[in-house]
Every structure is written in structure tokens, then in C-alpha cells.
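Each chain, letter by letter, is given below.
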Amino acid sequence: MTPANRLLALLPATDRGRLERHLERIPLTYRQSLYRARQPLDFVYFIETGVGSLVNTMRNGAAAEVGTIGNEGIVGLPLLLGDDRAPTSVYVQVPGQGLRMTATLFSAELARSASMRTVMLRYAHALFNQVAQSAACNHFHSLEQRCCRWMLMTHDRMKTDEFLLTQEFLAMMLGVQRTGVSAAAGKLQRRGLIRYSRGIVNILDRRGLRERSCECYGVSKREFDRLLGSPPAHAAQAREVKPRGRRIVRV
């Protein structure tokens, strides 16, 4: 059976088999801390469903999301780069489930296998590209376009059209106040693209979201697919009908 985590699926069978002996399936609950800034990493996590939020917190307590991790990757990348801690924290933004193993065992398995290190470094490159694209997106594109982008990215990582995405986390993702999130989500809801109530998003028109999103969603997705292989579309994505013409959204 193909693993739900794309990174595990990309590993050679021998590497994956060694990791699977140590992996424990766990629920990922809303706001659960997966690791804290400047603290040693105890575990690594392979997300199967749900989304982890990479958060940078300022001295005054203000926090901003700088990246997201879903079923395409691993939470615990500092270990791959020769460190056991990071200046950022990771929290569960969208609940789901995943697999975890101790950081000590992961580091030992990583040291044994050049092929495993190659796969993990490809993911590190993909995540760096996502963070860089997000920085440019925040500078150039409208709030509505960025909101569509994040909803599409979250939808890609879930197996249903409905998922938890609170205004608090959406505001952190977009770098705006909650009032801005309410206005952007309300506009998308009035257009019939989503239904959003009490932090629950229901994707009604994925094609419409793609048409109103900026170019950054497609750029990031193509980079992940290039580096990690194209994942099979889940039922929600399979219902999407590609538009006949190319729509250009002016910013």
C-alpha cells in the first residue's frame, strides 16, 4: 500500500522499511505543538492528513506564519541540516493524523542511507522554494488572491472538501487582521466558491478558486511535483474541471 505521506512514498523500499519499524501513528490535534523554537527536537513527524504551520514569533509576542507542511513533507527538517533545534516553532494548523518517530532514531537511519538523505534534501529544496514564493506573493498579490491560494494548498493536503481553518490561523497565514480575513472569506462565499462558518471551510468550487488565485499556487505546486513526483488526485481534486482558456488575474 502506498504511504499517504508523499515523502515516505518517494523513499526506496529498503529505506522506508527501516523507518516503518519505528513509526507510530498518532492524531494531530488543532494547535498541537510539534516542536518549539530554540528547543531540542524530540520527534519527527510525517503528516498524512492535516497541515503544520511553521511560525516565527517576535520579541513582543506577535507571530507570523512563514511556511506550511502537509503530507508532502516532514516536520523536523533541522535534523537533516545538522541541527537539533530551530528559531521557529511548528503547530498543527489543520487537524489530521500522522506518523512520528524519535529524533534520535531518525538521525541514525539518516546517517545510514545516502538515498534517504537525497530524498530528504529534495524536500528541503521544495520547502525553501515555497517559503521564497510566499514572500514574493505577500508583496505583490491581493488579499483575496492569497486567501484563494492558501485554501487551495490546504485542500490539496486533505481528503475531503471540508476542513478546519480558523480565522486566527488564516490571518497568520495571510499576515493580516481577522477583519481582513472575514472580508476576504465573505467575498469568496458570496461568489459561491466556499462556505465558511465557525472556522470550518467547505470548498464548493475549486475551479473558481483557482481562477481567482494568483500564479503562486501553480508555481509552488509545480515545484513540489517536480521534486517529489505528482501525487494521485483525491476525489475532491478529481472533480475539478480545467478551464478552457487561461485567465490572467491583474494585481
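Along each chain, residues carry numbers from 1 onward, in the same order as the chain's sequence is written. Residue-level local features of this predicted model are given only where pLDDT is at least 70; pairs of side-chain atoms are given and counted only at 80 or more, and the full residue set underlies all totals for whole chains, interfaces and linings. To obtain the side-chain values, all non-hydrogen atoms of the structure were included, while hydrogens and water were left out.

### Quick word on the nonpolar core
Line of reasoning, step 1. Throughout, nonpolar core names a set of buried Ala, Val, Leu, Ile, Met, Phe, Trp, Tyr and Cys residues whose side chains join them through atoms within 4.5 Å. Here's how the labels work: a residue is buried when its accessible area is under 20% of the maximum for its type, exposed when over 50%, partly exposed in between, all with a 1.4 Å probe on protein chains only. Counting residues in each nonpolar core, the largest one holds 39 residues, and the members touching the most others are Leu 19, Phe 46, Ile 74, Phe 106, Met 120 and Tyr 123.
Line of reasoning, step 2. Here a strand is any run of E in DSSP of at least two residues, a helix any run of H or I of at least four, and the numbering for each starts at the N terminus. With 7 residues, the single largest contributor to this core is helix α5 (residues 114–140).
Line of reasoning, step 3. Grouped together as the second largest cluster of nonpolar side chains are 26 residues, Met 173, Ala 185, Leu 188 and Tyr 196 included.

### A closer look at the packing of aromatic side chains
Line of reasoning, step 1. Aromatic rings from Phe, Tyr and Trp, with only the six-membered ring used for Trp, were paired whenever their centres fell within 6.5 Å, and each pair was classed as stacked if the ring planes differed by under 30 degrees, edge-to-face if by over 60, and tilted otherwise. Taken as a whole and judged by the stated rule, the model has 3 aromatic pairs.
Line of reasoning, step 2. With 6.4 Å between their ring centres and 55° between their planes, Phe 43 and Tyr 45 make a pair best called tilted.
Line of reasoning, step 3. By relative accessible area, which is 24% here, Phe 43 ends up partly exposed.
Line of reasoning, step 4. Relative to Phe 106, the ring of Phe 46 has its centre 6.5 Å away and its plane inclined at 65°; by these criteria the two rings are edge-to-face. Taken together, the residues Phe 46 in strand β3 (residues 43–57) and Phe 106 in helix α4 (residues 103–112) connect sequence positions 60 residues apart. For the residue pair Phe 46 and Phe 106, the accessibility class agrees, reading buried in each case.
Line of reasoning, step 5. When the NZ atom of lysine or the CZ atom of arginine is within 6 Å of a ring's centre and also within 35 degrees of its normal, the charge is said to sit over that ring. The lysine or arginine in question, Arg 100, covers the ring of Phe 43, its NZ or CZ lying 4.0 Å from the ring centre.
Line of reasoning, step 6. Positioned above the aromatic ring of Trp 150, the side-chain terminus of Arg 149 is 5.0 Å from the ring centre.

### Remarks on the packing of α4 against α5
Line of reasoning, step 1. Axis lines are fitted through C-alpha atoms, for helices just across the contact stretch, and the angle between N-to-C directions can take any value from 0 to 180 degrees. Where α4 meets α5, the axes come as close as 5 Å, and the angle between the chain directions of the two elements is 110°. Accordingly, the angle class assigned to the pair α4 and α5 is roughly perpendicular. Of the residues in α5, those touching α4 at Phe 106, Glu 109, Leu 110, Ala 111 and Arg 112 are Ala 114, Met 116, Arg 117 and Met 120.
Line of reasoning, step 2. Think of it as three bins: nonpolar holds Ala, Val, Leu, Ile, Met, Phe, Trp, Tyr, Cys and Pro, charged holds Asp, Glu, Lys and Arg, and polar takes everything else, Gly as well. Residue composition of the contact of α4 with α5, by class: 6 nonpolar, no polar and 3 charged. Oblique is the label for every angle not falling under 35 degrees (roughly parallel), over 145 degrees (roughly antiparallel), or within 65 to 115 degrees (roughly perpendicular). By definition, residues are in contact when any of their heavy atoms lie within 4.5 Å.

### Re the side chain of Thr 68
Line of reasoning, step 1. Here Thr 68 lies in strand β4 (residues 63–69).
Line of reasoning, step 2. Definition of a polar contact: a pair of N or O atoms within 3.5 Å, with one able to donate and the other able to accept a hydrogen when the atoms are protein atoms, and with sequence-neighbouring residues admitted only if both atoms are side-chain atoms. Side-chain polar atoms of Thr 68 contact the side chain of Arg 157, separated by 2.8 Å.
Line of reasoning, step 3. Once residues lying within four places of it in the same chain are set aside, the contact partners of Thr 68 are Val 51, Gly 52, Gln 93, Leu 127, Gln 130, Trp 150, Met 153 and Arg 157.

### What about the packing of α5 against helix α6 (residues 143–157)?
Line of reasoning, step 1. Closest axis-to-axis distance for the α5/α6 pair is 11 Å, and the angle between their directions is 155°. Judged by the angle between their axes, α5 and α6 are roughly antiparallel. Side by side, α5 and α6 meet where Gln 130, Gln 133, Ser 134, Cys 137 and Asn 138 of the first sit next to Arg 146, Arg 149, Trp 150, Met 153 and Arg 157 of the second.
Line of reasoning, step 2. For the contact of α5 with α6, the class distribution of residues is 3 nonpolar, 4 polar and 3 charged.

### Description of the confidence of the model for the protein chain
Line of reasoning, step 1. Every residue gets a pLDDT, meaning the predictor's confidence in that residue, from 0 to 100. Taken as a whole, the protein chain shows an average pLDDT of 89; of its residues, 92% reach a score of 70 or greater.
Line of reasoning, step 2. Here residues 243–251 is modelled with pLDDT under 50, and outside its nearest four sequence neighbours on either side it reaches 12 contacts, counting other chains as well.

### Here's the deal with the sheet that holds strand β8 (residues 194–197)
Line of reasoning, step 1. Pairs of strands are assigned from DSSP output, requiring at least two bridges between the strands. With antiparallel pairing, the 3 strands of this open sheet are ordered in space as β7-β9-β8. Bordering the open sheet on either side are β7 (162–164) and β8, each of which pairs with just one other strand. Across the sheet, the axes of successive neighbouring strands diverge by a mean angle of 20°, strand direction being ignored.

### Side note on the pattern of salt bridges
Line of reasoning, step 1. By salt bridge we mean one thing: a side-chain nitrogen of Lys or Arg within 4 Å of a carboxyl oxygen of Asp or Glu. Across all of its chains, the model carries 17 salt bridges by this definition.
Line of reasoning, step 2. When the shortest N-O distance is used, the salt bridge between Arg 157 and Glu 72 registers 3.1 Å. Here Glu 72 lies in the loop between β4 and β5 (74–75) and Arg 157 lies in helix α6, a separation of 85 residues in the sequence.
Line of reasoning, step 3. Overall, the relative accessible area of 4% leaves Glu 72 in the buried class.
Line of reasoning, step 4. The partner of Arg 207 in a salt bridge is Glu 211, and the shortest N-O contact between them spans 3.3 Å. Residue Arg 207 and its partner Glu 211 are both found in helix α9 (residues 206–212); the two are separated by 4 residues, about one turn of the helix.
Line of reasoning, step 5. Each of Asp 15, Arg 18, Glu 109 and Arg 112 takes part in salt bridges that share partners, so that together they form one network.

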